[in-house]
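# A closer look at the structure
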Amino acid sequence: MNLKKCTATLLVLSCFMTGCTSSAKTEDGKDIVASLEKGSDIKNIFADDLYSQIVDSKSSKATVFNAVLQTLIDKKFPVDDDMEEEADTIIEQIKTSYESNYGEDYEEELNTALTSSGYTDLDDYRQKMIQQIQYANFLLDYIDDNYDSVFDDYFQQCSPKYVSIIKVETADVSNPTDEETSKLNEVKELLTNTDKSFASIAQDYSDDTTASKKGNIGIVDTKDTANLTDTYGETVINEVYNLSDGEVSDAITGEDGYYFIKVTSTDYDKIKKDLKETDIDSPLLIYDNYLQYIVFDSYDITYDDKKIKSIVKECLEEALAERETERGENNG
């Protein structure tokens, strides 16, 4: 893979982990980050001591790498007005959605949801979201510059397919009504004994929300199936991987109805062209759990601290080795 090398100079100092500033208290030239008092005894905690504990702890080495990564991202992709506006738009959409569902009590419900997800409040969520937008831009910049090689890897690893679906909804899938059974049989007849296209049948008969899009649910790959599994069930989604280009499934029993699936395309060029036109929603951002390490390794970084450099190098090498091991096991 021919990586485009970018240069960034990072002065990674001990204070990047402790948050110390020029106004911090000092003793004998050392920054004090906290003090413990018991009677007349005072024990100071110094930034240098915390730094030593962090870089010497195996469990904290990932923290060091992530801090350097965030420093790189902040330098190359600083927060701008577009990121702020995008975050504000999403926040407003969330608030509107909760207000629509819960009325006057929406703020309480929203705060409960935020707390259960590990956020202190909406401002905390907004800040984390801005960091995610920065992170996405960090990955997208690399993907744009190396699109051919990234897409080739994605296509090989994830076997993407365009998929369409027809749903015949039932109140009780184990005991469908006469009307539901009649509709199911009519769809079967249309699929097997007429020239009517799957798309037209989906548009006219499907009870799924994708009926207005002629049944099209977009690209399904072997990596990102969580949302689709939640929507259609594991049995339905697993059937996608058993179908070749152009094939239509038999009726599949789901939790709330019967489903017919068609793989409408596995064409390399079509999928490549369509994904080229997407950005933050692209599956290329999430298909490889180790992509951040690949992107990080494409930068030439100058370190001010040799120990930090050694830790980052070690984390990077371990992550890339894990990536190769996992791919070997998955492809074996």
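Refer to the preceding data block for the structure.
The structure reproduced in this document is the subject of the present report. Owing to the predicted nature of the structure, the values given are computational and were not obtained by experimental measurement.

Moving on: the overall build of the protein. The number of helices and strands found in the protein is 14 helices and nine strands. Contacts in the protein between residues at least 24 apart in sequence constitute 67% of all its contacts with a sequence separation of at least 6. By element, 43% of the accessible surface of the protein is carried by carbon and sulfur atoms, the whole surface being about 19500 Å².

Moving on to a negative patch on the surface. Together, D80, D81, D82, E85, E86, D144, D279 and D281 give the surface a local cluster of negative charge. Locating D281 in the fold gives a position in the loop between α12 (268-276) and α13 (291-297). A residue is classified by how much of its surface remains accessible, and D281, at 68% relative accessible area, is exposed.

Reading across the sheet, the four strands line up as β6-β5-β8-β7 and stay open at both edges, with antiparallel pairing between neighbours. Each edge of the open sheet is held by one strand with a lone partner, namely β6 (216-220) and β7 (252-253). Pairing of β7 with strand β8 (residues 257-265), which is carried by two bridges, proceeds in the antiparallel orientation. Considered in β8, the bridge of I252 is made with Y259. In the packing of helix α8 (residues 178-193) onto the sheet, contacts are made with β5 (161-169) and β8, and the angle to β5 comes to roughly 145°. Across the sheet, helix α9 (residues 198-205) touches β5 and β8, and the angle it forms with β5 is around 35°.

All right, on to the pattern of salt bridges then. Overall, the coordinates contain 17 salt bridges when judged by the stated rule. Where E277 meets K273, a salt bridge forms, and the shortest distance between an N and an O atom there is 3.4 Å. K273 carries the same exposure label as E277, and that label is exposed. Of the charged contacts in the structure, one is a salt bridge between R327 and D288, with a shortest N-O distance of 3.3 Å. With R327 in helix α14 (residues 306-331) and D288 in the loop between α12 and α13, this residue pair connects regions lying 39 residues apart in the sequence. The network of salt bridges with shared partners includes D153, D288, R323, E324 and R327.

This part covers the nonpolar core. Core analysis: the largest hydrophobic core is formed by 38 residues, its most contacted members being F138, L284 and F296. If sequence neighbours within four positions are ignored, L284 has contacts with I143, Y147, V150, F151, Y154, L275 and L291. In this structure, V163, V220, V240 and V263 belong to the second largest nonpolar core, which totals 14 residues.

Glancing now at unusual backbone geometry. One non-glycine residue, S159, adopts positive backbone phi at about 45°. Classification of S159 by relative accessible area gives partly exposed; the value is 37%. With phi around 60°, K214 is a residue other than glycine that occupies positive phi space. Relative to the helices and strands, K214 resides in the loop between α9 and β6. Overall, the relative accessible area of 42% leaves K214 in the partly exposed class.

On to helix α5 (residues 106-116). The complete set of buried residues in α5 reads Y106, L110 and L114. Burial along α5 is one-sided: seen end-on, the buried residues are contained in an arc of 65°. Among the exposed residues of α5, those oriented more than 90 degrees off its buried face are E108, T115 and S116. Looking at the buried side of α5, the elements it contacts are α4 (81-102) and α6 (122-145).

Packed helices, taken two at a time, are described by the angle their axes make and the gap between the axes. With their axes 10 Å apart at the nearest point, α8 and α9 run at an angle of 160° to one another. Relative to α9, α8 is oriented roughly antiparallel. For the crossing formed where α8 meets α9, the hand is right-handed. Residues K183, E186, V187, L190 and L191 of α8 form the contact with α9, whose own contacting residues are F198, I201 and Y205. Partitioned by chemical class, the residues of the contact of α8 with α9 number six nonpolar, no polar and two charged.

Cut-offs used in this document
- Residues numbered from 1 in each chain as written.
- Predicted model: local features only at pLDDT ≥ 70, side-chain atom pairs only at ≥ 80, totals over all residues.
- Heavy atoms only, no water.
- Helix = DSSP H or I, 4+ residues; strand = E, 2+ residues; numbered from the N terminus.
- Contact = heavy atoms within 4.5 Å.
- Areas by Shrake-Rupley, 256 points an atom, 1.4 Å probe, with all protein chains shown as cover.
- Patch = residues over 30% accessible without salt bridge, like charges linked within 9 Å, V, L, I, M, F, W, Y side chains within 5 Å.
- Salt bridge = Lys/Arg side-chain N within 4 Å of Asp/Glu carboxyl O.
- Lys, Arg positive; Asp, Glu negative; His and termini not counted.
- Charge placed at Lys NZ, Arg CZ, Asp CG, Glu CD.
- Buried < 20%, exposed > 50% of the residue type's maximum accessible area, 1.4 Å probe, protein only.
- Pairing = 2+ DSSP bridges.
- Axes fitted to C-alpha atoms, helices over the stretch in contact; angles between N-to-C directions.
- Core = buried A, V, L, I, M, F, W, Y, C linked by side-chain atoms within 4.5 Å.
- Arc of directions from axis to C-beta.
- Parallel < 35°, antiparallel > 145°, perpendicular 65-115°, else oblique.
- Left-handed = near helix turned anticlockwise from the far one by under 90°.
- Nonpolar A, V, L, I, M, F, W, Y, C, P; charged D, E, K, R; others polar.

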